[in-house]
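A look at the structure
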Amino acid sequence: MKGASAVVLCCLALTGTAESAACRGQQRFDIMMCESHLCTECTLEYCTTECQKIQLDFPDCRCENWAAERVSYSGGDFEGKGKYGDVGDYSRQAVES
């Protein structure tokens, strides 16, 4: 058992931090989610839906620039959040009651 633990620790040391080892495909996730216009600046409902799908494909991944408490795309502030009515360029901010 100690030998298996040592092998795992060595592998983690070689691949980076434990957090990066937990996310399979972090480089692809970074390109698709963290660096894309689709998930960083687009306000259309289509973009929000597609970025949520990307997050489902990479459930253990997160962007490096997200706040520490944000664990997913939908878990924080993103372009288009809180919009209702027509979507995208024609949407309006939700009125708080």
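Overview of the structure. Just so you know, these numbers come straight off a predicted model, no measurement behind them.

1. Quick notes on the overall build of the protein
On a plain count of helices and strands, the protein comes out with 5 helices and 2 strands. Along its sequence from the N terminus, the protein presents helices and strands in the succession α-α-α-α-α-β-β. Residue pairs at least 24 apart in sequence account for 45% of intrachain contacts in the protein once pairs closer than 6 positions are excluded. Here the protein has roughly 7200 Å² of accessible surface; of this, 56% comes from carbon and sulfur atoms.

2. Focus: the packing of aromatic side chains
Think of a pair of aromatic rings as described by two things: how far the centres are apart, and how the planes are tilted against each other in angle. Here the structure, examined in full by the defined rule, presents 2 aromatic pairs. With a centroid separation of 6.2 Å and 90° between ring planes, the pair formed by F29 and W66 is classed as edge-to-face. Taken together, the residues span a long stretch of sequence, with F29 in helix α3 (residues 26-34) and W66 in the loop between α5 (45-57) and β1 (83-84) at a distance of 37 residues. F29 sits in the buried class, given a relative accessible area of 0%.

Quick notes on the rules
- Residues numbered from 1 in each chain as written.
- Predicted model: local features only at pLDDT ≥ 70, side-chain atom pairs only at ≥ 80, totals over all residues.
- Heavy atoms only, no water.
- Helix = DSSP H or I, 4+ residues; strand = E, 2+ residues; numbered from the N terminus.
- Contact = heavy atoms within 4.5 Å.
- Areas by Shrake-Rupley, 256 points an atom, 1.4 Å probe, with all protein chains shown as cover.
- Phe/Tyr/Trp six-rings, centres within 6.5 Å; stacked < 30°, edge-to-face > 60°.
- Buried < 20%, exposed > 50% of the residue type's maximum accessible area, 1.4 Å probe, protein only.

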